[in-house]
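# Overview (structure and organization)
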Amino acid sequence: RPPDPSAVMIARAALVCLVGLLGAGAKKVGVKEVVFDSPVKDIQWAGKDFSTVFVQSTKGRLYMSNLELSSPWQDITDDLRVRAASTAATFDEGTVIDSVSVSPADPKVVLVAGTQKTHFLTENAGLTWRRLRHKATIHSVVFHATRAKWALVSTWTEACTGQKTDSTPCQHMLYITKDLGRTFQLVTSYVVQFNWGDVTHEQQDRIYFSRFRQMTGPQPKLTLWSKDVDFCFSDTAGRKVETVVGHGNKFLISNGYIFVAKLKDELWQTVTLEVSADGAKTFRGAQLNVDLNEKSYNILDTSEGAVILHVNHGERKGGDHVGSVYISDKSGSRYSLSLPNNIRSTTGDCEFDKVLNLEGVYIANFKEVPSEDSKAAEDAAEAEAIENEGFSKAGVDQKHGVQSKGKDEDAIKTVITFDKGGVWSYLKAPKVDSVGNPINCPKNKCWLHLHGVTNFRNYAPFYSTETAVGIIMGTGNVGESLRFEEDQVNTYISRDGGLTWFEAHKGAFVYEIGDHGGLLVMADDVQRTKQVVFSWDEGASWYDFDMTGDALEVDNIVTGPNSTSTSFLLYGTRDSAAVMYHLDFEPLHQKTCTGVFGPDSVSSDYETWTPTDGRTTEHCLLGREITYVRRKQTSECFNGEKFDRPISRKNCVCTEEDFECELGFARQVGSLICRPVEGANFEGCTGGVAYVDAYRKVAGDTCEAGWYPQKVAAPCSDGKISKSGLAVLLGALVIAILMGSVTLLMRSERFKHLFQQAGFETFSNVKYDVVGKLGVESAMETMGERYEDKAEFVGQAESDEDEPPVVLYQGEDDDDDEEREVAKSKSLQAATKAVPKLSGPPGQSSKVDDLL
């Protein structure tokens, strides 16, 4: 809940008091500065409690520190070089660090791959090192999930780098080691992609991979979907290989599902998505119920018993860089449309994120595609406004008139769902800003919009962590759509899972969450700064302090993978120098919170909280009421790294909202009734009518008893209609006429004021709603366009593509941009898991453009 103006004034007074304390030396945040040789490329957390940090610079040097012991940063690159020189007959002094990999089974095990066939491994988080017995460059490493000594390692042969050799041709080789690099065994060659199996089906020792059929001569570059690549697996480290999906080019394994992109048409570069939920015993084609080509896929989430899928249909009409989001049943093969025109980047990152600390809650950005009528009316109104302005203003002043629309003419908007994509809602805008002034904007154009991951070079994306329940942070603006001008962007926080928001600070900040949500740390993301602001009451009040040295451009603020620590790393650049600060809030000596098992009492520092979507008085989401214990906002204490949050669950009685439409059915706007969609085909027709299931329980919903759907009569498409079927069709016709009349009235200048428009000009078979308001509000226009892009089906499995790794960017990106891109991405920090992707070959988009 946003603080009122009086609370803001009290917070300002408290801020002055704390600044005085900091200046007097009573309590100080620990600040330690280190200067690196070049900007940060990667950060890996290792060792017990992830207290050892490895930082790789863009020039290939490796630094190490133990934050728990506050040990100074050490540049260990030269030490590793000395070890290499002492154990090798020949040694290239140009060797630098190419990658750092930490074992998920034992975080004390770290593999450091060099650029010149020189690699190292530690089994005690960097205390001692030994050289790997692998005389080739390492392209990628995938550690085993449960066996600390096992790993898959891939290399490209020397012929791939352009070196003259009379031995093996250019090919991607896959090896396995079961003793941490003391010995290696060849699994297969001509590999495109590989990964370990899933522990869900007890296949963690199985090796899945896709490879070229023709295993002679130079390995082709996978620049397009290919009929010569198959999806295979081996349970014997390559001695016996089984092909399970012919023409299966790329794959992804996640939460018990296996997804394979299988070539459908080589000429038009279309693919089908094959899905297995039983460990590759059987595969089923994904059914989307749309007659559109499928160019490639992104798997957005698989964490709650269903698959959320982003599909590239290859169409341009809806604009570039958007796609359609579908949600599956529990089998992962039957999909219903959830959100059209979801924003994505040229590298395949989608602006679609799960709120990690809640179940069924997702935030996404979409591009609004207005209908022709609404666009014409908008253009006429804008032209009239410009003409009227011209009578009273000089030509120079007109540049600041109504035609100034910002960075992009496309309207990008932010939405949230509390029921796994069943209903999407705009974010409710705060009523006052961070200094207590009221926010004034038209009611139908007053929403909060946040920047997503595709624009992270400019602004921090919306962000949550698994341990900070209910807290979401983001940068954006209040208004009709997302703005990109610096003076329009501010920083916002929600502490109730996205239901309500408040402005935390003027301007765009980069942020991080620690102490299970009890500590928020931010720094200016636009201007050079030496100031850090922080809050220990979830944004109700903010305190600041200055770091040592001159101001710097902040790239990011990060903490350990669990977001439970009170130590943070802030890094960026000061002129040509790369700088990192270790910020330790432990010296503030805040007390440890008490009363976790007696929440809501006066003496307890904790309270209970139950998420809700605000649409009804019920607190049931996905068929259950979940109650969390969290720290009271007013309690000035730290949770501590060992805090174990109590959570209680209670199933609710089933209602129609716990069910979604089956394949071939859809809900009309404002209705919970699932009706047949046009052109749908149903089996079991008798007399022109089929009695089929129109509803299915939302995957992951745990409601009990209550409402249960019955089979419904659906008309067949064979043209033979019985009397009972005719009655069904006549009933549907009456409903259609009524809805058509409503639509005409909504478009009428005379009557449209009688109908409130919720803002989405959308698919009429997708429900939309307004956060925090009882009842369903929806628009009835068609959105319906999808995207064309260089999509990606690559993910946690290592791949690839061709010999020298190719990074595809669109635009004029220079080296500095690439460095900032890596530095600002939260995916580096392991505080949140990387979104899995399934991507097309790198050369696909240009070829497809030519064909289309």
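Each value, and the rule that gives it
- Residues numbered from 1 in each chain as written.
- Predicted model: local features only at pLDDT ≥ 70, side-chain atom pairs only at ≥ 80, totals over all residues.
- Heavy atoms only, no water.
- pLDDT = per-residue confidence, 0-100.
- Contact = heavy atoms within 4.5 Å.
- Core = buried A, V, L, I, M, F, W, Y, C linked by side-chain atoms within 4.5 Å.
- Buried < 20%, exposed > 50% of the residue type's maximum accessible area, 1.4 Å probe, protein only.
- Helix = DSSP H or I, 4+ residues; strand = E, 2+ residues; numbered from the N terminus.
- Pairing = 2+ DSSP bridges.
- Axes fitted to C-alpha atoms, helices over the stretch in contact; angles between N-to-C directions.
- Disulfide = S-S within 2.5 Å.
- Phe/Tyr/Trp six-rings, centres within 6.5 Å; stacked < 30°, edge-to-face > 60°.
- Polar contact = N/O pair within 3.5 Å; in protein donor to acceptor, adjacent residues only side chain to side chain.
- Salt bridge = Lys/Arg side-chain N within 4 Å of Asp/Glu carboxyl O.

In this model, the chain carries a mean pLDDT of 78, and residues with pLDDT of at least 70 account for 72%. Here residues 5-25 is a poorly scored stretch, pLDDT under 50, and it has 23 contacts once near neighbours within four places are set aside; other chains count. For residues 382-408, every residue scores under 50 in pLDDT, and the model assigns this stretch 18 contacts once sequence neighbours within four places are set aside.

Below, the discussion takes up the nonpolar core. Grouped together as the largest cluster of nonpolar side chains are 22 residues, with contacts concentrated most on Val521, Phe534, Leu570, Leu583 and Phe585. Looking at this core, the elements that each hand over two or more residues are β35 (519-524), β36 (531-535), β37 (543-546), β38 (553-558), β39 (567-574) and β40 (577-584). Once you skip the residues sitting within four places of it in the chain, leucine 570 turns out to touch Ala523, Val532, Met547, Leu552, Val554, Asn556, Ile557, Val579, Met580, Tyr581 and Leu583. The next biggest cluster of nonpolar side chains, apart from the first, holds 19 residues, and it includes Leu448, Val469, Trp609 and Tyr628.

With that settled, consider the sheet that holds strand β1 (residues 30-36). Taking strand neighbours across the sheet as the criterion, the four strands line up as β1-β40-β39-β38 in an open arrangement whose pairing is antiparallel. Looking along the sheet, the strands with just one partner apiece sit at the ends: β1 and β38. The mean angle between the axes of side-by-side strands here comes to 20 degrees, regardless of whether they run parallel or antiparallel. With five bridges connecting them, β38 and β39 associate as antiparallel partners. Pairing of valine 554 across the sheet is with glycine 572, part of β39.

This part covers the state of the cysteines. Inspection of every chain in the model, using the stated rule, returns six disulfides. There is a disulfide in this structure between cysteine 593 and cysteine 637, and the S-S distance comes to 2.0 Å. Disulfide cysteine 593-cysteine 637: the torsion about the S-S bond is 100 degrees, which places it as right-handed. With cysteine 593 in the loop between β40 and β41 (606-609) and cysteine 637 in the loop between β42 (624-631) and β43 (647-651), the pair connects residues that are 44 residues apart, well separated along the chain. Here cysteine 654 connects covalently by a disulfide to cysteine 703, the sulfurs 2.0 Å from one another. Because the sign of the S-S torsion sets the handedness, a value of about 95 degrees for the bond joining cysteine 654 and cysteine 703 places this disulfide among the right-handed ones. Highlighted residues: cysteine 654 in the loop between β43 and β44 (659-661) and cysteine 703 in the loop between β48 (695-697) and β49 (712-715), separated in sequence by 49 residues. For cysteine 654, a relative accessible area of 6% translates into the label buried.

A word on unusual backbone geometry. With a phi close to 55 degrees, alanine 125 is a non-glycine residue in the positive phi region. At asparagine 341, a position not held by glycine, the phi torsion is positive, near 60 degrees. Mapped onto the elements, asparagine 341 comes out in strand β25 (residues 335-343). The class of asparagine 341 is buried, set by a relative accessible area of 0%.

In this section: the sheet that holds strand β6 (residues 97-102). Across the sheet, which stays open at both edges, the four strands sit in the order β6-β7-β8-β9 with antiparallel pairing between neighbours. Because the sheet does not close on itself, it has two edges, and the strands there are β6 and β9 (130-131). With five bridges joining them, β6 and strand β7 (residues 110-114) adopt antiparallel strand pairing. Within the sheet, the bridge partner assigned to serine 101 lies in β7 and is leucine 111.

Burial of β36 is extensive: four of the five residues sit out of reach of the surface. Examined bridge by bridge, β35 and β36 share three bridges and lie antiparallel to one another. Pairing of leucine 520 across the sheet is with serine 535, part of β36. Counting the residues in the hairpin turn of β35 and β36 gives six residues. Relative to β37, β36 is paired through four bridges, and the arrangement is antiparallel. The partner of phenylalanine 534 across the bridge, within β37, is tyrosine 543.

This next bit is on the environment of leucine 621. One can find leucine 621 in the loop between β41 and β42. For leucine 621 and glutamate 657, which are 36 residues apart along the polypeptide, the C-alpha to C-alpha distance reads 9.5 Å.

If you walk through the whole model with that rule in mind, you get 25 aromatic pairs. Considering the side-chain rings of phenylalanine 231 and phenylalanine 251, the 4.9 Å spacing of their centres and the 45 degrees angle between planes classify their relative orientation as tilted. Of this pair, phenylalanine 231 sits in strand β16 (residues 229-234) while phenylalanine 251 sits in strand β18 (residues 248-254), and the two are 20 residues apart along the sequence. The exposure classification of phenylalanine 231 matches that of phenylalanine 251, with both residues buried. Ring centres 5.4 Å apart and planes at 10 degrees place the aromatic pair tyrosine 606 and phenylalanine 643 in the stacked group. In this pair, tyrosine 606 is assigned in strand β41 and phenylalanine 643 in the loop between β42 and β43, connecting sequence segments 37 residues apart.

To continue, consider the environment of threonine 559. For threonine 559, the position within the fold is in the loop between β38 and β39. For threonine 559, a relative accessible area of 0% puts it in the buried group. For the pair formed by threonine 559 and leucine 570, sequence separation is eleven residues and the distance between their alpha carbons is 8.9 Å. Excluding its chain neighbours within four sequence positions, the residues that come into contact with threonine 559 are Trp45, Glu512, Ile513, Ser565, Ser567 and Phe568.

In terms of burial, β40 is largely enclosed, as seven of its eight residues are buried. Where β1 and β40 come together, seven bridges link them in antiparallel fashion. By the bridge assignment for β40, glycine 30 is matched with aspartate 584. As defined by bridge partners, β39 adjoins β40 across eight bridges and the pair is classed as antiparallel. Note that in β40 the partner of leucine 570 across the bridge is tyrosine 581. Between β39 and β40, which pair antiparallel and follow one another directly, the connecting turn spans two residues, one of which, aspartate 575, has a positive phi of 60 degrees.

Before going further, it helps to examine the environment of tyrosine 459. Positionally, tyrosine 459 belongs in the loop between β30 (447-450) and β31 (472-479). Taking C-alpha positions, tyrosine 459 is 8.6 Å from valine 489, a pair spaced 30 residues apart along the chain. Within the structure, tyrosine 459 has its side chain in polar contact with the backbone oxygen of phenylalanine 484 (distance 2.7 Å). Of note is the side chain of tyrosine 459, whose polar atom sits 3.4 Å from the backbone nitrogen of glutamate 486.

Counted under the stated rule, the structure contains 31 salt bridges. Across the pair arginine 61 and aspartate 78 runs a salt bridge whose closest N-O atoms are separated by 3.1 Å. Placement of arginine 61 in the loop between β3 (52-57) and β4 (62-66) and of aspartate 78 in helix α2 (residues 77-87) is noted, with a sequence separation of 17 residues between them. For arginine 61, a relative accessible area of 17% gives the class buried.

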